[in-house]
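What follows is each chain in one-letter form.
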Amino acid sequence: MLYFAKSHEWANLNEDGTATIGISDYAQNELGDLVFVNLPEVGDELSSGEVFADVESVKAVSDVYSPISGTVEEINENLLDNPALINESAYDAWFVRVSNATLPDGLMTKEEYEHYLATL
Amino acid sequence: MGSYVPSTQSQRQEMLKALDINSYDELYCDVPESVKLKDLLDLPKGKSELEVVRDMTAIAEKNVLFRTILRGAGAYDHYIPAIVKSIPQKEEFLTAYTPYQAEMSQGILQSIFEYQTMIAELTGMDIANASVYDGASAAAEALAMCRDRKRSVSLISLSSHPDAVKTMETYCFASNNQLKTISCKGGRTDISILESLLTDDVSAVYVQQPNFFGIFEDIDAIAQCVHKAGAMLIVGCNPIALAIMKTPSQCGADIVVGEGQPLGMPIAFGGPYLGFMATTAKNMRKLPGRIVGQTVDHDGNTAYVLTLQAREQHIRREKASSNICSNQALCALTAAVYMSTMGADGMKQAAEQSMSKAHYLQRELCKLPNVELRYEQPYFDEFLLDMPKIDQILSSLERKGILGGLPFDDGVLWCVTEKVGKDMLDLVVATCKEVLQA
Amino acid sequence: MKLIFEHSVDGRQCSILPTCDVELTPMPDIMKRTVPPRLPELSEIDVTRHYTALCKRAHGVNCGFYPLGSCTMKYNPRVDEEIAALPQFTGIHPLAPLYSVKGCLEVLELSKKYLCSITGMDDMTLQPAAGAHGEFTGLLLIKSYHVARGDFKRTKIIVPDSAHGTNPASAAMCGFSIVSVPSNDEGCVDLDALKSVLDYEVAGLMLTNPNTVGIFDKNILEITDLVHQFGGLVYYDGANLNAIMGVVRPGDMGFDVIHINLHKTFSTPHGGGGPGSGPVGCKEFLKGFLPSCAISNASTSLQVKSFYGNFLVIIKALSYIMTLGAQGVREASQNAVLNANYLMHCLKGTFTPAYNRTCMHEFVLGLDSFKEQTGVTALDVAKSLIDEGMHPPTMYFPLIVHEALMFEPTETESKETLDEAAEILKTLYRRAFDDAESMKTAPHCAAISRPDEVLAARQPVLKYDF
């Protein structure tokens, strides 16, 4: 199940309590060609609303906020070698996989998020 | 009064009129009256070019220019080929700013790309940056590269140059990070003390090669224990020695920095010099400062640009690992011209001759009564001697136009470069002998 | 064009050194370099032709108008180069005995004295090598001052949102946290916003005045006073000192610490990115914290680089000040301000200034609405200027102005040059409405067309692949 935060990150929640996190297609489009991504380390605790990564374009660097809380189990090393994957397919390009995922209030479903984007 | 304002008085009036104002004062309408200067600044009257040349030459002549310099300690009097002095004076290089507009700055960008390649070759490392202020600040910047959330303590060897030690201490004081010093034994870093200090919060260890006393450190052994403890090794190198010395990369260094002054820059009372920095590909994005990369232009032609800029202060602001936003471009250019002119073979000759002449002088001086090499260790082109009558010896040499070694820690730290001929070294020995026998 | 390595021919070399006249001392085997560095093998004519070709692909102040805002690209007097190249300066060892370096010490003392006089400071260090290095040093004085007083809770530095990126980066290097204050509609410090962030944890405020949009903040006395009331110190970023020399002094406006860029205000050449020099001045009560050199003075507490500073750069600045004198220094600033206002005036009816009022030595155009009308961006205008032989102004800075182009003509440009530049800009303005496409693909006549920066950053190639 895909959830979105107002800061344009998504979390994909699995039944076993793990989740993957990435940025939305809208976000990657706004940021332009990404050239690098800084990811947290395995074992790091993420809390919702806090910065856990950043992405670099040629002329900007943007913080990425975690939409959920949890413990980092795995980072997507492919993104380190090829950040363009985020531009190519934002919903496949997960940044981290976390366990013990907890969702805060106020996340949006895909439909709600699309609705929200229309208001921007 | 000298002036570089080209507009004539009548043109200035025209311009003021166009702005519909009568005086310069109206341009400064936002400056509070209470602090506006009522009088001229307390400065001498302006002078013509000829007068300034005369006055500045008179000041310069108050210095004593020694024809032979046997003092190093961070400033090395190597021979500078004529071409190395003239090329950086070309005005397109001299009067340009940082190459922000790549289309208009390919010459400067390419020269930096070539410099980066040469530094990578010299140190044996994967990549180098476009340079920083000098060797001491390069060492301090390197310490900052190594810190992470779990490791923040820096260890630095006291066999390093005192200025580098103090600069690293200052940078660590600034960023509230702990720094510990490793003491020396027999003129080299005491490895057993290093081992005892290598706790799991140590991020980096800094050693100098050859060290401040000219002595070669056992970098292989140091690298082994540093890496065993999970820390990074930073080696500060003399670039001339690198022409003939096992590369720090081969010894296992993670970052190599150094004072690039010996690569064609005059000693010039301490500056401007050149800080070089090189590291492994893995640390690429941690490297501070400007970096030039190769790419293609819109039409597919090879082009050079400032790259990996998201590391830097103008984008990352307070999250940048360093505030540096310039390099010593003209000094880097000088170093590149020097390395191109000398070639690997010429640099090898400069290094071998410096080393051989230093050993010749040391052997000859040590034949004199009560003159001894303090540390019996392999060294490059500097050595610390214990000798009597230091003041008289140095004064006698100075009267003959020779700047002797540096008085340091009750001894004398001598340095010889390829510039000094055997005749001169023999004169130095004879002079010392005279004083000691008197 | 070829890289220098591609000109290399095995066995070719320059003849520079004589043969060694003492017995060779070999490097101990264990210390020997096994593979020589792959430096190019060239004759002198190869070297000189290569670099001459490179310099044809570069642009300096001596080549043409260079109104790069915030960088003060003024003429670099040739005589200053000649003076700095005197062997009695270049050949002096930094650790030579004091009696033999009297001339060098006089250069340092005179430079400090004159720079203190121009800025209204009591003492100065010439050690920092650049502006950002000066910021770091100046903030260290502020930190040391609070620490020495036992006031350890001063952990914050206030920086306006219009500041250069180096300000927050320097503050972070000094272990401070950064509090950003917004600017008001005139691009100046918003006093209410400042008041709301001031407390007893503030170590200091960093400010440049004139500010980064080229406007003199008329509330400056109130600003410095407010910070002092809370026990904080005020830092003057000397980036824009070229506007006010001989007119008003940072020391009299209430600033406690300053840095100066000799490579901007005092006309020493930028050298394609350095070496510069960033002296730091301070008021009497901070003197004790100024850095010095450990190897010549063991009791040094702070040091930011080796020895005493970029000495040869300092010589050039001193010669420049001696040439101009009290009157000439003021004349330089006044004409820098006049030139900027005149150029801004000439552009009336075309590009719009971001702040429509008297500026100091530089002004900012905001191309927001121009972009909406034409689709041509500030970047496109900048790149089109290259085809006209003019170096573009600073782009996209300060961050508070959208589609910003920042012009700083400096005092060493003549009225004719300014008129010509204005004509070029007007032509480009009109072209944007007729032929936007040609501007979006500019430059057309430069050494290269627009480079692919995304490729450069995604797949970094940082050295020659042998």
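In this convention, every chain numbers its residues from 1, walking through the sequence in written order. As a convention, the first chain written is A and the first ligand written is 1, with the rest following in written order. This being a predicted model, a pLDDT of at least 70 is required before a residue's local features are given, and a value of 80 or more before pairs of side-chain atoms are given or counted; all residues contribute to the totals for chains, interfaces and linings. With hydrogens and water excluded, all non-hydrogen atoms of the structure serve as input to the side-chain values.

Things to note about the overall build of chain B
- What counts as a helix is a DSSP run of H or I of at least four residues, what counts as a strand is a run of E of at least two, and both are numbered from the N terminus. Scanning chain B for helices and strands turns up 14 helices and 17 strands.
- With respect to the principal axes defined by its C-alpha atoms, chain B has extents near 85 × 55 × 50 Å.
- Summary of the burial criterion: residues with accessible area below 20% of their type's maximum are buried, those above 50% are exposed, and those between are partly exposed, where the area comes from a 1.4 Å probe applied to protein chains only. Classification of the 438 residues of chain B by burial places 68% in the buried group.
- Residue contacts are counted whenever heavy atoms from the two residues lie within 4.5 Å of one another. The long-range fraction of contacts in chain B, counting pairs at least 24 apart against all pairs at least 6 apart in sequence, stands at 69%.
- Looking at chain B as shown, the accessible area adds up to about 14400 Å², and 49% of this sits on carbon and sulfur atoms.
- Taken together, the 41 basic and 53 acidic charged side chains of chain B have centroids lying 3 Å from each other. Each accessible area is a Shrake-Rupley estimate made with a 1.4 Å probe; only the visible protein chains count as cover when residues are assessed. We treat Lys and Arg as the positive residues and Asp and Glu as the negative residues; His and chain ends play no part in the count. All charge positions are set by atom: Lys at NZ, Arg at CZ, Asp at CG, Glu at CD.

A few points about the sheet that holds strand E6 (residues 51-57) of chain A
Residues and elements named next belong to chain A.
- The strand order across the open sheet formed by 3 strands is E4-E6-E7, and the pairing between neighbours is antiparallel. Unpaired on one side and paired on the other, strand E4 (34-38) and strand E7 (61-65) mark the two borders of the sheet. Averaged over all adjacent pairs, the angle separating strand axes in this sheet is 25 degrees, with direction ignored.
- Strand direction decides the pairing type here: E6 and E7, joined by 5 bridges, are antiparallel. Considered in E7, the bridge of Glu-56 is made with Val-61. Here, a strand pair is defined by DSSP locating no fewer than two bridges between the strands. Axes here mean lines fitted to C-alpha atoms, for a helix over just the part in contact, with angles spanning 0 to 180 degrees between N-to-C directions.

Brief notes about helix H11 (residues 378-387) of chain C
Residues and elements named next belong to chain C.
- Summarising burial for H11: 8 of the 10 residues are buried, a large majority.
- Of the residues making up H11, those classed as buried are Ala-378, Asp-380, Val-381, Ala-382, Lys-383, Ser-384, Leu-385 and Ile-386.
- Phi for Gly-389, located one or two positions after H11, is positive at around 80 degrees.

Some remarks on the side chain of B:Glu217
Residue and element names in this part refer to chain B.
- Relative to the elements of secondary structure, Glu-217 occurs in the loop between strand E7 (202-209) and helix H9 (219-228).
- An unpaired buried charge is present at Glu-217: no salt bridge exists, and Arg-188, the closest side chain of opposite charge, is 5.1 Å distant.
- Side-chain polar atoms of Glu-217 contact the side chain of Ser-159, separated by 2.7 Å. One speaks of a salt bridge when a side-chain nitrogen belonging to Lys or Arg is within 4 Å of a carboxyl oxygen belonging to Asp or Glu. Whenever a nitrogen or oxygen atom comes within 3.5 Å of another N or O atom, the pair is scored as a polar contact, on the condition that within protein one atom can donate a hydrogen and the other can accept it, and that pairs from neighbouring residues in sequence are kept only if both atoms are in side chains.

Remarks on the interface of chain A and chain B
- Facing 13 residues of chain A, the contacting portion of chain B comprises 8 residues.
- Carbon and sulfur atoms supply 40% of the area that chain A and chain B bury against each other, a total of about 880 Å² over both sides.
- Where chain A packs against chain B, one counts 4 salt bridges.
- Across the salt bridge formed by B:Arg149 and A:Glu41, the nearest N and O atoms sit 3.7 Å from each other.
- Connecting chain A to chain B are 3 residue pairs in polar contact (both at pLDDT 80 or more).
- Within the residue set of the side of chain A that touches chain B, elements represented by two or more residues are E4, E6 and E7 of chain A. By convention, the term buried area covers the 1.4 Å-probe accessible surface removed from two parts as they join, with the contributions of both added.

Thoughts on the domain arrangement of chain B
- Under the domain assignment used here, chain B contains domain 1 (9-59), domain 2 (68-78 + 344-437) and domain 3 (82-338).
- Throughout, the edges of the domains are those of an automatic or database domain assignment. Inter-centroid distance (C-alpha atoms) of domain 1 of chain B to domain 2 of chain B is 52 Å.

Regarding unusual backbone geometry
- The omega torsion across B:Gly271 and B:Pro272 is 5 degrees, close enough to zero to call that bond cis.
- Counting through the fold element by element, B:Pro272 comes out in the loop between strand E9 (255-259) and strand E10 (275-279).
- Geometrically, the link from C:Asn209 to C:Pro210 is a cis peptide bond, its omega value of 0 degrees lying close to zero.
- On the secondary structure map, C:Pro210 appears in the loop between strand E4 (202-207) and helix H8 (220-229).
- Of note, B:Ala268 is a non-glycine position whose phi angle comes to about 40 degrees, a positive value.
- Here B:Phe269, not a glycine, exhibits a phi torsion of approximately 50 degrees, which is positive.
- Along the chain, B:Phe269 falls in the loop between E9 and E10.
- What makes B:Phe269 buried here is its relative accessible area of 3%.

Here's the deal with the packing of aromatic side chains
- Between the rings of Phe, Tyr and Trp (Trp by its six-membered ring), a pair exists once the centres lie within 6.5 Å; its type follows the angle of the planes, with under 30 degrees stacked, over 60 edge-to-face, and the other angles tilted. Summed over the entire model, instances satisfying the criterion amount to 34 aromatic pairs over all chains.
- Ring geometry for C:Tyr236 versus C:Phe255: centroids 4.8 Å apart, planes at 75 degrees, classification edge-to-face. Taken together, the residues C:Tyr236 in strand E5 (residues 233-237) and C:Phe255 in the loop between E5 and strand E6 (257-259) connect sequence positions 19 residues apart. C:Phe255 matches C:Tyr236 in its accessibility class, with the two residues each being buried.
- Three or more aromatic residues joined by ring pairs make a cluster, and in this case those are B:Phe269, B:Tyr273, C:Phe89, C:Phe307, C:Tyr308 and C:Phe311.
- The side chain of A:Lys110 reaches across the aromatic face of A:Tyr91, ending 4.9 Å from its centre.
- Stacked on the ring of C:Phe176, the Lys or Arg C:Lys143 has its end atom at 5.7 Å from the ring centre. Here, a charge over a ring is recorded when the distance from Lys NZ or Arg CZ to the ring centre is within 6 Å and its angle to the ring normal is within 35 degrees.

Remarks on the interface of chain B and chain C
- Contact with chain B, which involves 187 residues of that partner, is made by 205 residues of chain C.
- Summed over both sides, the interface between chain B and chain C buries roughly 16700 Å², with carbon and sulfur atoms accounting for 65% of that surface.
- Put simply, chain B and chain C have 8 salt bridges between them.
- B:Glu103 is paired through a salt bridge with C:Lys383; the nearest N and O atoms lie 2.8 Å apart.
- Summed over the shared surface of chain B and chain C, the number is 90 residue pairs in polar contact (both at pLDDT 80 or more).
- Here the side of chain B that touches chain C takes 25 residues from helix H12 (residues 329-365) of chain B, the largest share from any one element.
- Following the grouping adopted for this structure description, the nonpolar residues are Ala, Val, Leu, Ile, Met, Phe, Trp, Tyr, Cys and Pro, the charged ones are Asp, Glu, Lys and Arg, and the polar ones are all others, Gly among them. Grouping the amino acids of the side of chain B that touches chain C by side-chain chemistry returns 95 nonpolar, 55 polar and 37 charged.

Digging into the side chain of B:Thr431
Residue and element names in this part refer to chain B.
- Along the polypeptide, Thr-431 turns up in helix H14 (residues 422-437).
- Take Thr-431: its relative accessible area is 2%, and that puts it in the buried class.
- Here Lys-400 takes part through its side chain, which lies 3.0 Å from a polar atom of the side chain of Thr-431.
- Ignoring anything within four residues of it in the chain, the contact list for Thr-431 reads Ser-396, Leu-397 and Lys-400.

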